[in-house]
2 protein chains.
Amino acid sequence: MPTESLPVTFDDVRAAAERLRGIANRTPVLTSRTFNALTGRAVFFKCENLQRAGAFKFRGAYNRLAQLTPDEKKRGIVAFSSGNHAQGTALAAKLLNIPATIVMPDDAPRVKLDATRGYGAEVITYDRLTGNREAIARQLVAERGATLVPPFNDRHIIAGQGTAALELLEEVPDLDAIVSPIGGGGLISGCAIAAKALRPQIAVYGVEAIGADDAKQSLARGEIVHIDPPTTIADGIRTQSIGTLTFPIMRALLSDIVIVSDDEILDAARFALARMKIVVEPTGAVPIAAVMQNHIPASARRVGVIVSGGNISGELLSSILM
Amino acid sequence: MPTESLPVTFDDVRAAAERLRGIANRTPVLTSRTFNALTGRAVFFKCENLQRAGAFKFRGAYNRLAQLTPDEKKRGIVAFSSGNHAQGTALAAKLLNIPATIVMPDDAPRVKLDATRGYGAEVITYDRLTGNREAIARQLVAERGATLVPPFNDRHIIAGQGTAALELLEEVPDLDAIVSPIGGGGLISGCAIAAKALRPQIAVYGVEAIGADDAKQSLARGEIVHIDPPTTIADGIRTQSIGTLTFPIMRALLSDIVIVSDDEILDAARFALARMKIVVEPTGAVPIAAVMQNHIPASARRVGVIVSGGNISGELLSSILM
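Residues numbered from 1 in each chain as written. Chains lettered and ligands numbered in written order. Predicted model: local features only at pLDDT ≥ 70, side-chain atom pairs only at ≥ 80, totals over all residues. Heavy atoms only, no water.

Position of Asn311(A) among the secondary structure elements: in the loop between strand S10 (302–307) and helix H14 (314–321). Given the relative accessible area of 10%, Asn311(A) is considered buried. Not counting the four nearest positions on each side in its chain, Asn311(A) is found in contact with Ala53(A), Gly54(A), Ala55(A), Asn84(A), Gln87(A), Lys112(A), Glu281(A) and Lys277(B). (Helix = DSSP H or I, 4+ residues; strand = E, 2+ residues; numbered from the N terminus. Buried < 20%, exposed > 50% of the residue type's maximum accessible area, 1.4 Å probe, protein only. Contact = heavy atoms within 4.5 Å.)

Listed below in structure tokens is the structure:
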């Protein structure tokens, strides 16, 4: 399928890169000779765990918020998230002087609640069992005229996430493949748009966790499949369904989706910590695990891995070390 | 004092950089807006924790071993170290096909013993209380005709370590100061030679830990002072005296030496882990602590910090997280 017919274009990604210049971190691309020896490939880690607010989410959120009208900016934004989208959106709003309200479950890790408040956002908590976060968010939108910032199903957010792959390919142009985790599909969709535009022959592999394979099922079925709440340790990809915008992009541009287990994810996070000296959250370790376990075809010799984030609790990090 | 009269010149550092090209990692220079906001400075972290074998030590060791004669290479090398010098030297020897014997205390962390053996070195252990590692090493040198590779008091090793600052200044030329930990002084001496040559007005600050301030005492006294074995958590700088080559370089080129506490070191390591998402060993956190605690003059607005290494046990890393 020609990328021109997709909801996001490479021009959108390039425009996002202009907006993010000097504002998002141009994250480093790290390599590990030990990892290469282990896998028999040349692997390039795009370290979005070193992005502002600790994950790629800041890219898309900032690109979205920067394009609000002055009036929309004044009325503020609302987002619901228990994770990196909350922090990325709160930081983007702070930098653009936009009032932000983030709806989070009351049992979210305190470090994430604190970080989101630390970026100046108003945090509204709800009971995960009895509350309905979307209803709460919609009510705020209705009451205040605020703009809802979705986590992935948005053209500007997808375009913003794609700047991660744009930077990676600028630095390492001759990749055979890129590998990315799939939650709602915003990251991999934007990255696929950028990577395919810069290097049409590149293969794009998505990675999901066992029990969180809604994207794989959706591509196999040819329609968006809704699954039960996943329990994988990779909390960033516990999405129950991909989006109406990310689905057609993934269908057009992905070579395959592969599946990893929680043990494989933890092994990958442990490798990153012990050998590469970087902190990677379970979701960020998902694509590392896919390469470590040789779930990617052997023909992919030079592989870019999108390490999506590094926000992990001290407790979980400790348990990884044991 | 003109740098021409010192035992190591900038040409030595540049020659080392040529030898290390494509062999040592050109480690990334990371920044943290949070750290900058906290300290009111623009700080650039030269991440030698992401160097091969996990520390800057590989630079000097490789530069030393690469200059052995074919005959010396055949007879092999010996080093004694309980830490990063062991691993850096073992890896350099492996890459150059030089037989390596590393003398390590039998209570060294198993991860370090294993890593050193993993690089193909023969490891000889001794009892830290009753053994004399230098005597053991000297005996091996006498028996085998092997070359002893000292940890810091060697021209080629000092020149190799200086390539860290050379790379940092190439990437961020307009620094007001660089800050480095001081153990035996090899790292800071090489870095000072490179930094002062590239930017004569730069200030070079050394950092030691409480109870490990032999370099500060030596500069104050005008002669090398020998201290009791330090107990600081920063195991890489528990040196009891600086070297006859590093002393004159430090005396000529350092602006000051400042002192940090173990608590300040652990706070800095915790910041690096939680906010910057990088694993830093206590010694690598020493110069971070000096900047965090404002031990460096306020006039230094743009500061390069040499994060010397990332080799830390899982137990200690866990305790930092708590």
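What follows continues from the structure just given.
Both copies of the chain are tied together by a single rotation about an axis and a shift running along it. Superposing chain B onto chain A requires a rotation of 180 degrees together with a translation of 0.0 Å along the rotation axis, leaving an RMSD of 0.0 Å. Each copy turns onto its partner about a two-fold axis. The C-alpha atom lying nearest the rotation axis in chain B is that of Ile278(B); the distance is 2.2 Å. Residue by residue, 100% of the interface of chain B is reproduced at the interface of chain A, so both copies engage with the same surface. (Least-squares fit on C-alpha atoms with pLDDT ≥ 70 in both.)

Residue and element names in this part refer to chain A. For Gly-243, the location among the structural elements is in the loop between helix H10 (214–221) and helix H11 (246–253). Judged by relative accessible area, which is 5%, Gly-243 ranks as buried. As a C-alpha pair, Gly-243 and Asn-153 span 90 residues in sequence and 5.3 Å in three-dimensional space.

If you walk across this open sheet you meet the six strands as S1-S2-S10-S7-S8-S9 (chain B), and the pairing is mixed. Unpaired on one side and paired on the other, strand S1 (29–30) and strand S9 (256–260) of chain B mark the two borders of the sheet. (Pairing = 2+ DSSP bridges.)

Further remarks concern the pairing of strand S5 (residues 122–126) of chain A. Relative to S5(A), strand S4 (residues 100–105) of chain A is paired through five bridges, and the arrangement is parallel. By the bridge assignment, Thr101(A) is partnered in S5(A) with Glu122(A).

Let's shift gears to the environment of Thr130(A). Its location among the elements puts Thr130(A) in the loop between S5 and helix H7 (133–144). Along the primary structure Thr130(A) and Ile224(A) are separated by 94 residues, whereas in three dimensions their C-alpha atoms are 26 Å apart.

Residues and elements named next belong to chain A. We note that the domain assignment places domain 1 (3–54 + 155–321) and domain 2 (58–149) within chain A. On a C-alpha basis, the centroid separation for the pair domain 1 and domain 2 is 24 Å. The interface of domain 1 with domain 2 comprises 23 residues on the first partner and 16 residues on the second. Contact between domain 1 and domain 2 buries roughly 1700 Å² in total, counting both sides, with carbon and sulfur atoms accounting for 57%. Area buried by domain 1 at its contact with domain 2 is led by Arg-19, Ala-53 and His-156, which between them contribute 34% of it. The tally of links between domain 1 and domain 2 comes to three salt bridges. (Domains from an automatic or database assignment. Buried area = accessible area lost by both parts, 1.4 Å probe. Salt bridge = Lys/Arg side-chain N within 4 Å of Asp/Glu carboxyl O.)

What follows deals with the side chain of His85(A). Residues and elements named next belong to chain A. Structurally, His-85 is set in helix H5 (residues 84–95). On the accessibility criterion, His-85 (4% relative accessible area) is buried. A polar contact of 3.0 Å, which involves the side chain of His-85, links it to the backbone oxygen of Val-149. (Polar contact = N/O pair within 3.5 Å; in protein donor to acceptor, adjacent residues only side chain to side chain.)

A few words now on the sheet that holds strand S3 (residues 77–80) of chain A. Residue and element names in this part refer to chain A. Taken in spatial order, the four strands line up as S5-S4-S3-S6 in an open sheet, and their pairing is parallel. Where the open sheet ends on each side, the last strands, each with one partner, are S5 and strand S6 (147–148). Inspection of the sheet shows S3 paired to S4 by four bridges, in the parallel sense. The residue bridging Ala-79 from the neighbouring strand is Ile-102, located in S4.

Glancing now at helix H9 (residues 186–198) of chain B. All names here are of chain B. Taking 1.5 Å as the rise per residue, H9 with 13 residues should run 18 Å; its terminal C-alpha atoms sit 19 Å apart, in good agreement. Within H9, eleven of the 13 residues are buried, which leaves the element mostly enclosed by the surrounding structure. Every buried residue belonging to H9 is among Gly-186, Leu-187, Ile-188, Ser-189, Gly-190, Cys-191, Ala-192, Ile-193, Ala-194, Ala-195 and Lys-196, and all of these are buried. (Expected span 1.5 Å × (residues − 1).)

Think of interface size as the accessible area that goes away when the parts come together; that is how it is often given. Counting residues at the interface gives 25 residues for chain B, matched by 25 residues for chain A. For the pair chain B and chain A, the two sides together bury roughly 1800 Å², of which 56% comes from carbon and sulfur. A per-residue breakdown of the area chain B buries against chain A is headed by Arg33(B), Lys277(B) and Leu321(B), which together make up 36% of the total. The tally of links from chain B across to chain A stands at zero salt bridges. Ranked by residues supplied to the side of chain B that touches chain A, first place goes to helix H14 (residues 314–321) of chain B with four residues. Of the residues that constitute the side of chain B that touches chain A, the class distribution is 13 nonpolar, eight polar and four charged. (Nonpolar A, V, L, I, M, F, W, Y, C, P; charged D, E, K, R; others polar.)

As a further point, take the packing of helix H1 (residues 10–20) of chain B against helix H3 (residues 57–65) of chain B. Residue and element names in this part refer to chain B. Contact geometry of H1 with H3 gives a least axis separation of 10 Å together with a crossing angle of 90 degrees. Taken as axis vectors, H1 and H3 run roughly perpendicular relative to one another. Residue-level inspection shows Ala-16, Arg-19 and Leu-20 of H1 in contact with H3, the latter providing Arg-59, Tyr-62 and Asn-63. A breakdown of the residues in the contact of H1 with H3 according to their chemical character gives three nonpolar, one polar and two charged. (Axes fitted to C-alpha atoms, helices over the stretch in contact; angles between N-to-C directions. Parallel < 35°, antiparallel > 145°, perpendicular 65-115°, else oblique.)

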